[in-house]
Amino acid sequence: MRSTPLHPVARLPEEWSASLASRGERSFTAKQVFHWIHRRGVLDPAAMTNLPARLREHLAAEGLGEVLTPERVHRSEDGTRKLLLRLHDGATIETVLLPSVSGPGSQAQIDADAAAASDDEDEDDAADAGATPRVRVTQCISTQVGCAMGCGFCASGVAGLKRHLGAEEIAGQVLLGRAMLEEGEELRNVVYMGMGEPLHNYEATARSLRLLTHPEGINLSTRRVTVSTSGLVPEIARLGEDFGGQIALAISLHAADDETRSALMPINRKYPLEELLAALRAYPLPRRRRITIEYTLVAGQNDDPAEARRLAKLLRGIPVKINLIPMNPIEASSLGPPGLERVAAFQEVLTQAGYSCFVRRRRGDDVSAACGQLVLLGAKPKVRRALG
Ligand code: SAH
Ligand code: SF4
């Protein structure tokens with residue numbers, strides 16, 4: 001729970017209506033203000049030219065203004081852009097833009113689909129046939145500064161939790177990301193796979209989901225927004241209930257037995273596999289949709305083909321697709337990825353067992369932009385350029 005008052009950027013249209021009506025403003029101004037912020041991405045009241053001057057002054061006095069200051073853009077050779085953003089208290093977070101050229105079957109598209117857990121691209125691609133090729137962008141966003149979950153292979157986990165982000169800081173990343181799209185690019189998917197555990201910051205995460213998917217705002221389709229979690233069982237149920245199962249779910253599983261999972265992810269001691277799997281079975285998933293299982297392969301820890309066989313058994317009957325992610329090495333840990341053959345063998349077991357299973361290419365590796373590798377201190381960039 002946030003003890004501070006709701007930031008203006010975190011307000012939903014009905015909340016704007018209530019606050020502005022109490023000041024005697026006309027009813028349509030609430031929608032106008034929400035449009036400026038979430039549809040047009042304008043956060044400075046002085047630039048909201050169709051509002052009366054006294055209202056603009058009031059909005060400024062309430063604290064409406066930029067919530068994130070872009071500090072740097074690191075551009076990777078594969079087109080991935082990592083944005084380093086400074087918060088009002090000086091802390092920094094990162095968000096990543098992952099462009100992919102659209103077109104059924106292109107490797108980049110497959111990567112983005114795997115990252116975005118989007119299950120029904122094919123239908124959309126069929127509908128889009130003949131349209132000008134465009135670049136679809138998936139944005140990966142953060143929900144906390146650091147993370148309390150302590151997973152040993154993750155830079156955020158090793159850093160520990162510094163603080164939760166507010167909904168304005170979570171949604172603000174997408175407002176900025178959208179403003180930085182390049183010609184021909186389209187923001188298509190948002191994945192909550194940056195720094196932090198979204199469901200440990202449930203209130204702000206849920207509010208940011210409402211902001212991002214609001215038809216009067218950015219208007220992302222719920223199925224194109226994926227929340228990734230290390231497995232906070234009560235909050236998985238809550239997310240399912242609050243959004244009717246519409247938000248795409250990704251589970252960081254990383255092991256198929258409790259001993260292995262607890263060694264990699266301390267949260268497993270609180271919510272062991274049996275409880276987690278029960279939560280997945282109970283998630284009110286719409287028909288034809290699947291839960292994404294993320295499995296970071298860590299050499300010598302969870303990469304044995306026997307573990308793949310256990311995984312196949314464990315997931316039986318749950319509509320899933322599996323993403324295998326060879327671990328990105330991090331400075332704070334001696335853990336690392338298995339070799340290519342080992343990865344292929346693991347995948348083969350799952351494919352043979354009838355699962356749809358992708359190996360996720362590491363994107364933006366040269367600037368430490370791969371999801372899960374977002375570090376608290378800016379990485380040394382290969383390419384550094386000013387914003388603008
Ligand atoms: N806290 C949430 C979301 C952020 S982490 C979660 O754990 O799901 C996003 C994904 O990156 C998770 O699947 C996580 O396990 C993975 N990840 C973290 N560090 C990684 C690393 N060093 N290499 C590969 N994947 C990593
Ligand atoms: Fe937190 Fe996710 Fe990293 Fe685990 S993998 S420490 S839950 S951000």
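Quick look at the structure, then. (Residues numbered from 1 in each chain as written. Chains lettered and ligands numbered in written order. Predicted model: local features only at pLDDT ≥ 70, side-chain atom pairs only at ≥ 80, totals over all residues. Heavy atoms only, no water.)

**What about the overall build of the protein?**
Reasoning step 1: Broken down by element type, the protein carries 14 helices and 13 strands.
Reasoning step 2: Per-residue burial over the protein gives 56% buried out of 388 residues.
Reasoning step 3: Across the protein, every contact between residues at least 6 apart in sequence was considered, and the portion connecting residues at least 24 apart equals 70%.
Reasoning step 4: Accessible area for the protein stands at about 16,400 Å²; split by element, carbon and sulfur atoms hold 51% of it. (Helix = DSSP H or I, 4+ residues; strand = E, 2+ residues; numbered from the N terminus. Buried < 20%, exposed > 50% of the residue type's maximum accessible area, 1.4 Å probe, protein only. Contact = heavy atoms within 4.5 Å. Areas by Shrake-Rupley, 256 points an atom, 1.4 Å probe, with all protein chains shown as cover.)

**What about the packing of helix H7 (residues 167-179) against helix H8 (residues 202-212)?**
Between two packed helices, the angle of one axis relative to the other and the distance separating the axes together describe the packing.
Reasoning step 1: The geometry of H7 relative to H8 is characterised by a closest axis approach of 8 Å and an angle of 40 degrees between their N-to-C directions. The angle between the axes of H7 and H8 places the two elements in the oblique class. Of the two elements, H7 crosses H8, and the hand of that crossing is right-handed. For the pair formed by H7 and H8, the contact residues are Ala167, Ile170, Ala171 and Val174 on the first element and Ala204, Thr205, Arg207, Ser208, Leu211 and Leu212 on the second. (Axes fitted to C-alpha atoms, helices over the stretch in contact; angles between N-to-C directions. Parallel < 35°, antiparallel > 145°, perpendicular 65-115°, else oblique. Left-handed = near helix turned anticlockwise from the far one by under 90°.)

**So, the side chain of threonine 138**
Reasoning step 1: Relative to the elements of secondary structure, threonine 138 occurs in strand S4 (residues 135-140).
Reasoning step 2: Overall, threonine 138 belongs to the buried group, its relative accessible area being 1%.
Reasoning step 3: Within the structure, the side chain of threonine 138 is placed 3.5 Å from the side chain of asparagine 189, a separation counted as a polar contact. (Polar contact = N/O pair within 3.5 Å; in protein donor to acceptor, adjacent residues only side chain to side chain.)

**With respect to the site of ligand 1**
Reasoning step 1: Residues in close proximity to ligand 1 total 21 residues, the closest being Phe153, Ser228, Ser252, His254 and Asn328.
Reasoning step 2: For the shell around ligand 1, the per-class residue count stands at nine nonpolar, 10 polar and two charged. (Near = heavy atom within 4 Å. Nonpolar A, V, L, I, M, F, W, Y, C, P; charged D, E, K, R; others polar.)

**Observations concerning the environment of proline 266**
Reasoning step 1: Checked against the element boundaries, proline 266 lands in the loop between helix H10 (258-264) and helix H11 (267-270).
Reasoning step 2: Residue proline 266 is classed as partly exposed on the basis of its relative accessible area of 31%.
Reasoning step 3: Taking the C-alpha atoms as reference points, proline 266 and glycine 152, separated by 114 residues in sequence, lie 8.7 Å from one another.
Reasoning step 4: Residues contacting proline 266, with those up to four places away along its chain left out, are Met149, Gly150 and Cys151.

**Remarks on helix H13 (residues 305-314)**
Reasoning step 1: Of all the residues in H13, the buried ones are Glu307, Ala308, Leu311 and Ala312. Projected onto a plane normal to the axis of H13, the buried residues spread over an arc of 145 degrees and lie on a single side.
Reasoning step 2: Buried positions along H13 lie against H10, strand S10 (291-297) and helix H14 (340-352).
Reasoning step 3: Where H13 starts, the residue carrying a side-chain oxygen 2.9 Å from the main-chain nitrogen of alanine 306 turns out to be aspartate 304. (Arc of directions from axis to C-beta.)

**Considering the pattern of salt bridges**
Reasoning step 1: This structure, assessed with the given rule, holds 18 salt bridges.
Reasoning step 2: Glutamate 62 is the partner of arginine 11 in a salt bridge, and the nearest nitrogen-oxygen pair spans 3.0 Å. With arginine 11 in the segment before helix H1 (13-21) and glutamate 62 in the loop between helix H3 (53-61) and strand S1 (69-75), this pair connects stretches of sequence that are 51 residues apart.
Reasoning step 3: Relative accessible area serves as the criterion here: at 10%, arginine 11 is assigned to the buried category.
Reasoning step 4: Residue classification places glutamate 62 among the partly exposed residues on the basis of a relative accessible area of 32%.
Reasoning step 5: Notably, a salt bridge pairs glutamate 185 with arginine 81, separated by 2.9 Å at the nearest N-O pair. One end of the pair, glutamate 185, is in strand S7 (residues 185-192); the other, arginine 81, is in strand S2 (residues 81-86), with 104 residues separating them in the sequence. (Salt bridge = Lys/Arg side-chain N within 4 Å of Asp/Glu carboxyl O.)

**Focus on the site of ligand 2**
Reasoning step 1: What surrounds ligand 2 is the set Cys147, Met149, Gly150, Cys151, Cys154, Gly157, Gly196, Glu197 and Ser230.
Reasoning step 2: Taken together, the residues of the shell around ligand 2 sort by class into four nonpolar, four polar and one charged.

**Considering the environment of histidine 214**
Reasoning step 1: Inspection of the secondary structure assignment puts histidine 214 in the loop between H8 and strand S8 (225-229).
Reasoning step 2: By relative accessible area, which is 17% here, histidine 214 ends up buried.
Reasoning step 3: Linking histidine 214 and leucine 12, residues 202 residues apart in sequence, is a C-alpha distance of 8.4 Å.
Reasoning step 4: Setting aside residues no more than four positions away along its own chain, histidine 214 makes contact with Leu12, Pro13, Glu14, Phe34 and Asn219.

**With respect to unusual backbone geometry**
Reasoning step 1: With a phi angle near 60 degrees, asparagine 219 is a residue other than glycine that sits in the positive phi range.
Reasoning step 2: By secondary structure assignment, the location of asparagine 219 is in the loop between H8 and S8.
Reasoning step 3: Of note, the phi angle at arginine 288 is positive, near 70 degrees, even though the residue is not glycine.
Reasoning step 4: Here arginine 288 is to be found in the loop between helix H12 (273-282) and S10.
Reasoning step 5: With relative accessibility at 66%, the residue arginine 288 sits in the exposed group.

**Some details on H14**
Reasoning step 1: Helix length check: H14, at 13 residues, gives a terminal C-alpha distance of 18 Å against a target of 18 Å (1.5 Å per residue), a fit within 8%.
Reasoning step 2: Every buried residue of H14 is accounted for by Val343, Phe346, Val349 and Leu350. Mapping the buried residues of H14 onto a view down its axis gives an arc of 125 degrees, with all of them on the same face. Among the exposed residues of H14, those pointing more than 90 degrees away from its buried face are Leu340, Glu341 and Gln352.
Reasoning step 3: Elements in contact with the buried residues of H14: S10, H13, strand S11 (320-326) and strand S12 (357-359).
Reasoning step 4: In the segment just after H14, glycine 354 is the residue with positive phi, at about 95 degrees. (Expected span 1.5 Å × (residues − 1).)

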